[in-house]
Amino acid sequence: MKKDKWIMGIETSCDETAVAIVKNGTEIVANVVASQIESHKRFGGVVPEIASRHHVEQITLVLEEAMDQAGLGFEDLDAIAVTEGPGLVGALLVGVNTAKALAFAHGIPLIGVHHIAGHIYANRLVAEMKFPLVSLVVSGGHTELVYMKEHGHFEVIGETRDDAAGEAYDKVARTLKLPYPGGPHIDRLAHQGRPTINLPRAWLEEGSYDFSFSGLKSAVINAVHNAEQRGENIAPEDLAASFQESVIDVLVTKTLAAVKEFHVKQVLLAGGVAANKGLRNRLSGAFNEIPEVELVIPPLSLCTDNAAMIAAAGSILNEKGIRANLALNANPSLDLAIHNE
Ligand code: KG4
Ligand code: ZN
């Protein structure tokens, strides 16, 4: 009988300190996330120095809790997978150094994982991946369409040229004086309003899978300022609904175009903005019309940053025998296609 494989994941690239243990690449046996959102809220965004300090304070506690949840000892682990980039360098370093220390002390193989590969592999914790596939990755730092012909092979076919979708949500939320992170607040408001305000959609050149959200963000900010100057009131729920509709139109249309051009079997939604109810509903509706293509949407807890997704992505590298050594370093601008041969 094939022996079970236990992979630990460690994630500290932004503002969540997370450790998880995943069995055979698909089954979560421990998943602990310590969020720092409360500490960053009053600054309206993530403060890198504060993030690093919190990671240092939390990592040992989170690690112990994950080991307790799993009921395992370090000798049971087959590998330790850690986010090596992209992200905030000081934050990444805490995870990378923790992973290296554990790997060295217990003689466990070490694996470096790309944060976006992790977001995509969150889907493997809920469904079997079927290739070729395309993943729509929408987070606070990234908006990408990624084509995969097989496990561990990533081709970025489109990406944002300016703001990420989540970043646009957070900036628009700030304009509407909503708390950080603004995505969930805009999502909630959008469902109470109607898309009555005309806002732009950046389609870019014919056939391009790239995105651009800075024009839309500026249009929202201008609409608010112009109304203020005229002494008028724009209903925030209508503005949220109009903004959300513009973002979703572009994301869904470009995803459907990629599905057609690349003849994919499956579409995976990934990243924090995948928690967006409007996006989930619109995508589900669109894919009901094309039942031959499977749409996978992870539960909310696996859409935002977590370490189970890092362990899931790491387990594929482990199977392929791709390991890091103790020279592994944090790389804030790591390339997703690093292991494509
Ligand atoms: O993936 P994630 O947890 O962290 C990054 O790697 O960036 O994504 C966080 C982003 C934030 O910008 C947050 O506002 C956004 O995801 N977000 C949402 C929703 N929930 C979280 N955006 C829109 N609608 C939501 N429901
Ligand atoms: Zn993320």
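The rules behind each value
- Residues numbered from 1 in each chain as written.
- Chains lettered and ligands numbered in written order.
- Predicted model: local features only at pLDDT ≥ 70, side-chain atom pairs only at ≥ 80, totals over all residues.
- Heavy atoms only, no water.
- Donors = N, O, S within 2.8 Å, 3.2 Å for Na, K, Ca; no water.
- Tetrahedral: all angles 85-135°; square planar, octahedral: opposite > 155°, others 65-115°.
- Helix = DSSP H or I, 4+ residues; strand = E, 2+ residues; numbered from the N terminus.
- Buried < 20%, exposed > 50% of the residue type's maximum accessible area, 1.4 Å probe, protein only.
- Pairing = 2+ DSSP bridges.
- Axes fitted to C-alpha atoms, helices over the stretch in contact; angles between N-to-C directions.
- Near = heavy atom within 4 Å.
- Polar contact = N/O pair within 3.5 Å; in protein donor to acceptor, adjacent residues only side chain to side chain.
- Areas by Shrake-Rupley, 256 points an atom, 1.4 Å probe, with all protein chains shown as cover.
- Phe/Tyr/Trp six-rings, centres within 6.5 Å; stacked < 30°, edge-to-face > 60°.
- UniProt positions renumbered as here; feature names shortened; annotations may be inferred.
- Domains from an automatic or database assignment.
- Contact = heavy atoms within 4.5 Å.
- Buried area = accessible area lost by both parts, 1.4 Å probe.

**Q** Requested: an account of the coordination of the zinc ion (ligand 2), with residues and values cited.
**A** Octahedral metals with six donors have ideal donor angles of 90 or 180 degrees. Tetrahedral metals with four donors have an ideal donor angle of 109.5 degrees. Taken together, H115 (NE2), H119 (NE2) and D305 (OD) make up the full set of protein donors to the zinc ion (ligand 2), lying 2.0 to 2.1 Å away. Coordination geometry of the zinc ion (ligand 2): the four donor atoms subtend angles of 94 to 141° at the metal centre, consistent with an arrangement described as irregular. Counting gaps between the donor residues of the zinc ion (ligand 2) yields the pattern H-x3-H-x185-D. In this pair, H115 is assigned in helix α4 (residues 115-121) and D305 in the loop between α10 (300-303) and α11 (308-319), connecting sequence segments 190 residues apart.

**Q** How would you explain the pairing of strand β7 (residues 143-148) if you had to name every residue and give the values?
**A** The side chains of a regular strand alternate between both faces of the sheet. The buried fraction of β7 is high, at six of six residues. Of the two faces of β7, both are covered, the one formed by T143, L145 and Y147 as well as the one formed by E144, V146 and M148. As defined by bridge partners, strand β6 (residues 133-138) adjoins β7 across six bridges and the pair is classed as antiparallel. When the bridges of β7 are listed, V138 appears paired with T143. Between β6 and β7, which pair antiparallel in sequence order, lie four residues. Pairing analysis gives four bridges linking β7 to strand β8 (residues 155-159), with the strands arranged antiparallel. Residue pairing for β8: Y147 is matched across the bridge by E155. Between β7 and the antiparallel strand that follows it, β8, lie six residues; G152 among them carries a positive phi value of about 75°.

**Q** Give a detailed account of the sheet that holds strand β9 (residues 266-270), specifying residues and quantitative values.
**A** An order of β8-β7-β6-β9-β10 is seen for the five strands of this open sheet, with the pairing classed as mixed. Each edge of the open sheet carries a strand with a single partner, namely β8 and β10 (294-296). When strand polarity is set aside, the average angle formed by the axes of neighbouring strands in this sheet is 20°. Bridging between β9 and β10 involves three bridges; their strand directions are parallel. Note on β10: the bridge partner recorded for Q266 is E294.

**Q** With reference to specific residues and values, describe the site of ligand 1.
**A** Residues in contact with ligand 1 amount to 19 residues; listed here are only the nearest, G140, D170, D187, G272 and N276. Note that an oxygen atom of ligand 1 is positioned 2.9 Å from one of the backbone N or O atoms of G272. Within the side chain of N276, an N or O atom sits 2.8 Å from a nitrogen atom of ligand 1. Bound to the protein, ligand 1 loses 89% of the 550 Å² it would expose on its own.

**Q** Could you give me a rundown of the packing of aromatic side chains, with the residues and numbers involved?
**A** Per the stated rule, a full pass over the model turns up five aromatic pairs. Ring geometry for Y147 against F262: centres 5.2 Å apart, planes inclined by 40°, an arrangement best described as tilted. With Y147 in strand β7 and F262 in helix α8 (residues 236-262), this pair connects stretches of sequence that are 115 residues apart. With relative accessibility at 14%, the residue Y147 sits in the buried group.

**Q** Lay out the UniProt feature "domain: Gcp-like" (unreviewed entry) in the chain in plain terms, naming residues and giving numbers.
**A** This chain's UniProt record puts "domain: Gcp-like" (unreviewed entry) on residues 27-311. Helix makes up 47% of residues 27-311 and strand 16%, with an end-to-end C-alpha separation of 10 Å.

**Q** Account for the domain arrangement of the chain, naming residues and giving values.
**A** The domain boundaries assigned to the chain delineate domain 1 (6-121 + 303-339) and domain 2 (129-297). Summarising the inter-unit geometry, the C-alpha centres of domain 1 and domain 2 are found 27 Å apart. Every contact between the two is made by 18 residues of domain 1 and, on the other side, 24 residues of domain 2. Carbon and sulfur atoms make up 73% of the area that domain 1 and domain 2 hide from each other, which totals about 1700 Å². Looking only at domain 1, the three residues that lose the most surface to domain 2 are I120, Y121 and C303, adding up to 33% of its buried area. For the pair domain 1 and domain 2, the interface holds four residue pairs in polar contact (both at pLDDT 80 or more). Of all the secondary-structure elements, those providing two or more residues to the side of domain 1 that touches domain 2 are α1 (37-41) and α4. The element contributing the most residues to the side of domain 1 that touches domain 2 is α4, with five residues.

**Q** Describe the UniProt feature "binding site: Fe cation" (unreviewed entry) in the chain, and please don't skip the residues or the numbers.
**A** When the UniProt feature table is mapped to this numbering, "binding site: Fe cation" (unreviewed entry) covers H115, H119 and D305. For the residues just named, distributed over 191 residues, the greatest C-alpha separation is only 8.9 Å, placing them together at one site. Residues within four places of H115 in sequence aside, it is in contact with E11, S13, T83, G85, P86, D305 and M309. A distance of 3.3 Å separates a polar atom in the side chain of H115 from a polar atom in the side chain of S13. The class for D305 is buried, based on a relative accessible area of 14%. A polar contact is formed between the side chain of D305 and the side chain of H115, at a distance of 3.1 Å.

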